[in-house]
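# Coordinate inspection notes
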Amino acid sequence: MRALTVFWNILSKDMRSYYLKPPNISWGLIFPLAWTGMFFIRSGVGLESVPELLPGVMAVSVLFGTTSMLAVTVTFEKKHRSFERLLLAPIPLELLMLAKTTGAIVFGVANAFVPVIMAAFLMDLSVVSWGTLIPAVVLIAFSSTFLGLFIAVSVSEVFEAQTFSNFFRFPMLFLCGLFFPIERLPVWLRPVSYAMPLTYGVDLLHESVRRAGTMPAVLDFGMLAAFCAVLFAVSLRNIKTKWIL
Amino acid sequence: MSGGSEPVIQVEGLAKHFDGVQAVADVDFEVREGELFGFLGPNGAGKTTTINMLTGLARPDSGTIGIAGIDCSKKPKAAQHLMGVVPDESNLYPELSGFENLSFCGALYGMDRRDRRERAGELLERFGLDAAAERKFAGYSKGMKRKLTIAAGIIHSPPILFLDEPTTGIDVASARQIRRLIADLNAAGTTIFLTTHYIEEAERLCGRIAFIVEGRIVRIDAVGNLMRLTEGRHVVRLSVSGGAAGLCEAIAAEMPHLACTTTGDGDIRVESTEPVRVGPLVRLLEDSGAEVFEARRVRESLEDVFVRITGIEAGAMKQEKDRAKAGAGA
C-alpha cells in the first residue's frame, strides 16, 4: 500500500508538472501530424499508402515522445537537486525509477494513438491486429523510455541529454526498417539495425497493420522485452554508481 | 534537550575519498537519543560528505554507520524512514506550491492523503507560511524557502533530523525563527545532527560539538566542557590606527608574558593566563607610534576555542562560506 502511494504520487506529480502542460500536449498532437504530412509528401501517393505509413509514424511518435521527456524529469531534477528528495525516500530504487518513467511511457503510448485516430478517418482499421499492436506499442514505449532513462542518467546537463538522445534516435530512425527494408541495407549495417530495439517494434507494427512483419512476433516481443530489462538494469546500475557516489 | 543514554547514530572508522582527495578520514562519533549534536568545520572539511554517507546519498569507502541499530553502510534504505534530511540548499519543487511540496514529501514516506494534508497545514502554520501555502515555491523568498525545506524534512515526524547549514544565506529574522524551531524540535525529543559554520549558533543550540578539519575530527566535547577551556584566560582587544604591523613585536619585547596576535580586521588581541593591565599596554602602543582608539576586555567564546583547537580563523571560515554561496547564487 505504501509503495503504491509513493508510486502514484511521483507519477501524478510528474504528470501535472511536466506531461499535462499545454506545450507538451500540443507537441504530442503536432508532432505525429507533422510526421504524417512529411511521409505523405515523400511518398507522393494517395490514401492507399496510409496503412504503409501508419507503423512508421506511430513508432517515430513514441520514440521522440518518450526519449525527450526523461531529460527533463530526471536530468533536470538531478541538476537542481530535487532528485535527492526521491533518493532519500525509503523506497526501493527500482520502484522509484519505475514511477519516474511511467509518465513517459503513458505519454509515449498516447502519442502513438494520435496517428491511429487520424488513420481511422482514412483507412479501414478492422484489418489491424489489435492484440499485437497494443502490446507492441506498450513495449516500444517501455524500451524507448528506458533508452531515454539510460541517456538521462549518463549525463549531467539537460542539453547533453538532448544531444546524446539524437545520437541514438536518428540512426534508429534510419536503420530500423522504417525508410528502407533491412534486407536492402548494406550487409555491414544490418547487425547495427538488429542491435536496436525499434527494429523489432517497427516489425511488430508492420505485422499488426499490414501483415508484413519479417521476423516471428515471438522473437520481436522477446527482443523488445530483453532491451527493456537490459536498459533498465544498466540505468539503475548507473544511478547507484554515478549518483550515489 | 540534553541527550539520553542510547546512541541513535553510531559512526566508526568512516572514510571517503573523491578523485584522490581524502574527503573524510577515520571519523568516529556517537549521537545519543534526543541530543542536538553540532558538526563544525570550514568549507570542504567533510561535513556534507559525512551527512551524505549517514543518509544514504553517498557510499563510504570504509567504516560503519549505525542508525537506531540498523547498519546503514550496508542497507541505507532500511533506515531512511527514521530520518528527516534538510540539505544545504533548498531543493523543493519550484513549480509546486508550498502546500503541494509538503504533501508530496509526505507521500514519499507513505503517509496517506488525509494525514499528510493535516500535517502540511499544521507545519505551514507553525513555520508562519500559511498565508503563502498556495504560492509556488519558486516565488518564495530565501528565508521562506529555507523554512519550507525544513518543514519538508520533518513532514513525516522523523525521530532523527539532519540539518545541513540551515541558516546560511538568509535574513537575521528568519535565521532567529529557524533557530527557535530547531530548539523546539529538539525539546520535543527529535535527535538533531546539525552542521553549521556559525559558531555562535552551535554554541547556543548544541549540547555537544565535533570539530572537523580536512576530513578528520579534531575534538568532540560538550559545549560546557569546551567553554571551560576559556576559564583562567584573560583577553584584551585593542583597535589601533595605521594597522597592527610591528606592534606585536613591541609587546613581545616589553611584556613577554602576553601572547599577542593580530585579528582579521586589523585589531590587536592580547591574551594571558594572568589579568592584563590595560594602562601600561596602551602606553606601550602609543610610545610605539600607534594611536589606540579602543581597548576592551573580551570574554572568550566558543569561536576562540575553535580557533585554538583547529588553528582556523573562524571569521575567515564564515567569509569563505558566504563567498561560495554568493558565487553559487550568481
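Residues numbered from 1 in each chain as written. Chains lettered and ligands numbered in written order. Predicted model: local features only at pLDDT ≥ 70, side-chain atom pairs only at ≥ 80, totals over all residues. Heavy atoms only, no water.

Helix and strand content of chain B: eleven helices and 14 strands. Each principal axis of the C-alpha atoms in chain B carries an extent, and together these give about 75 × 45 × 40 Å. In chain B, which comprises 330 residues, the share counted as buried stands at 52%. The contacts of chain B with a sequence gap of at least 6 include a subset with a gap of at least 24, amounting to 69%. Accessible surface computed for chain B: about 14600 Å², of which carbon and sulfur atoms make up 48%. (Helix = DSSP H or I, 4+ residues; strand = E, 2+ residues; numbered from the N terminus. Buried < 20%, exposed > 50% of the residue type's maximum accessible area, 1.4 Å probe, protein only. Contact = heavy atoms within 4.5 Å. Areas by Shrake-Rupley, 256 points an atom, 1.4 Å probe, with all protein chains shown as cover.)

Residue and element names in this part refer to chain A. One way to put it is that helix H5 (residues 93–120) packs onto helix H10 (residues 217–243) with a least axis distance of 11 Å and a crossing angle of 115°. Considered as vectors, H5 and H10 are oriented roughly perpendicular to each other. Classified by chirality, the crossing of H10 by H5 is right-handed. Contacts between H5 and H10 involve Leu93, Glu94, Met97 and Leu98 from the first element and Phe232, Leu236, Ile239 and Lys240 from the second. Here the contact of H5 with H10 is composed, by residue class, of six nonpolar, no polar and two charged. (Axes fitted to C-alpha atoms, helices over the stretch in contact; angles between N-to-C directions. Parallel < 35°, antiparallel > 145°, perpendicular 65-115°, else oblique. Left-handed = near helix turned anticlockwise from the far one by under 90°. Nonpolar A, V, L, I, M, F, W, Y, C, P; charged D, E, K, R; others polar.)

Taken together, the side chains of Leu20(A), Ile25(A), Leu29(A) and Ile30(A) present a nonpolar region at the surface, about 370 Å² in accessible area. Judged by its relative accessible area of 51%, Leu20(A) falls in the exposed class. (Patch = residues over 30% accessible without salt bridge, like charges linked within 9 Å, V, L, I, M, F, W, Y side chains within 5 Å. Salt bridge = Lys/Arg side-chain N within 4 Å of Asp/Glu carboxyl O.)

Quick look at the interface of chain A and chain B now. Taken together, the contact between chain A and chain B spans 26 residues of the former and 30 residues of the latter. In total, about 2600 Å² of surface goes out of reach between chain A and chain B, with carbon and sulfur atoms giving 56% of it. For Arg81(A), the salt bridge identified is with Asp88(B), shortest N-O distance 3.0 Å. Across the chain A-chain B interface, the total number found is eleven residue pairs in polar contact (both at pLDDT 80 or more). Top contributing element to the side of chain A that touches chain B by residue count: helix H1 (residues 2–19) of chain A, with nine residues. Looking at the side of chain A that touches chain B, its residues break down into twelve nonpolar, six polar and eight charged. (Buried area = accessible area lost by both parts, 1.4 Å probe. Polar contact = N/O pair within 3.5 Å; in protein donor to acceptor, adjacent residues only side chain to side chain.)

Here the focus is the side chain of Ser68(A). Residue and element names in this part refer to chain A. One can find Ser68 in helix H3 (residues 50–79). The exposure class assigned to Ser68 is buried, which follows from its relative accessible area of 13%. From its side chain, Ser68 meets the backbone oxygen of Phe64 in a polar contact 2.7 Å long. Among all residues touching Ser68, those that are not within four sequence positions of it are Trp27, Gln162 and Arg169.

Each regular strand shows side chains that alternate between the opposite faces of the sheet. All names here are of chain B. In this structure, strand E9 (residues 208–213) lies alongside strand E10 (residues 216–222), joined through six bridges in antiparallel fashion. From the neighbouring strand, Ile212 faces E10, where its bridge partner is Ile217. Hairpin connection from E9 to E10: two residues lie between these consecutive antiparallel strands, with Glu214 at a positive phi of about 50°. (Pairing = 2+ DSSP bridges.)

On to the state of the cysteines. Tallying each qualifying case throughout the model produces one disulfide over all chains. In this model, Cys248(B) is linked to Cys260(B) through a disulfide, with the two sulfur atoms separated by 2.0 Å. When the S-S torsion is -60°, as for the bridge of Cys248(B) with Cys260(B), the disulfide is left-handed. Here the residue Cys248(B) occupies a position in helix H8 (residues 247–254), and Cys260(B) occupies one in strand E12 (residues 259–262), the gap between them amounting to twelve residues. Residue Cys248(B) is classed as buried on the basis of its relative accessible area, which comes to 16%. Cys260(B) sits in the buried class, given a relative accessible area of 19%. Free of any disulfide, Cys228(A) has its nearest cysteine sulfur in Cys176(A), 16 Å distant. (Disulfide = S-S within 2.5 Å.)

With that out of the way, let us pick up the sheet that holds strand E3 (residues 36–40) of chain B. All names here are of chain B. Spatially, six strands are ordered E6-E7-E8-E3-E9-E10 in an open sheet, and the strand pairing comes out mixed. The outermost strands of the open sheet, each flanked by one partner alone, are strand E6 (83–86) and E10. Shown here is a sheet whose adjacent strand axes are inclined to one another by a mean of 15°, direction ignored. Sheet strands touched by helix H4 (residues 142–153): E6 and strand E7 (160–164). Its angle to E6, the strand with the most contacts, is close to 165°. Each of E3, E7 and strand E8 (191–196) touches helix H5 (residues 172–187); the most contacted strand, E8, lies at about 150° to it.

With that out of the way, let us pick up the sheet that holds strand E11 (residues 234–240) of chain B. Residues and elements named next belong to chain B. Read across the open sheet, the four strands follow the order E12-E13-E11-E14; overall the sheet is antiparallel. Only two strands of the sheet have a single partner each, and these edge strands are E12 and strand E14 (292–298). When strand polarity is set aside, the average angle formed by the axes of neighbouring strands in this sheet is 20°. Examined bridge by bridge, E12 and strand E13 (residues 268–272) share four bridges and lie antiparallel to one another. Considered in E13, the bridge of Thr262 is made with Ile268. Along the sheet face, H8 touches E11, E12 and E13 and points at about 180° away from the line of E12.

Accessible area lost during the coming together of the parts is what is often quoted as the interface size. Looking at chain B, the domain boundaries give domain 1 (7–228) and domain 2 (234–299). For domain 1 of chain B and domain 2 of chain B, the distance between their C-alpha centres works out to 41 Å. (Domains from an automatic or database assignment.)

Our focus in this paragraph is the pattern of salt bridges. For the structure shown, the criterion picks out 23 salt bridges over all chains. As a salt-bridge pair, Glu77(A) and Lys13(A) come within 3.1 Å of each other at their nearest N and O atoms. Highlighted residues: Glu77(A) in helix H3 and Lys13(A) in helix H1, separated in sequence by 64 residues. Using a relative accessible area of 1% as the deciding quantity, one classes Glu77(A) as buried. Residue Glu77(A) pairs with Lys100(A) through a salt bridge whose shortest N-O separation is 2.9 Å. A residue pair is termed long-range when its members are at least 10 positions apart, and Glu77(A) in helix H3 and Lys100(A) in helix H5 qualify at 23 residues. Each of Lys13(A), Asp14(A), Glu77(A), Lys100(A) and Glu95(B) takes part in a single network of salt bridges with overlapping partners.

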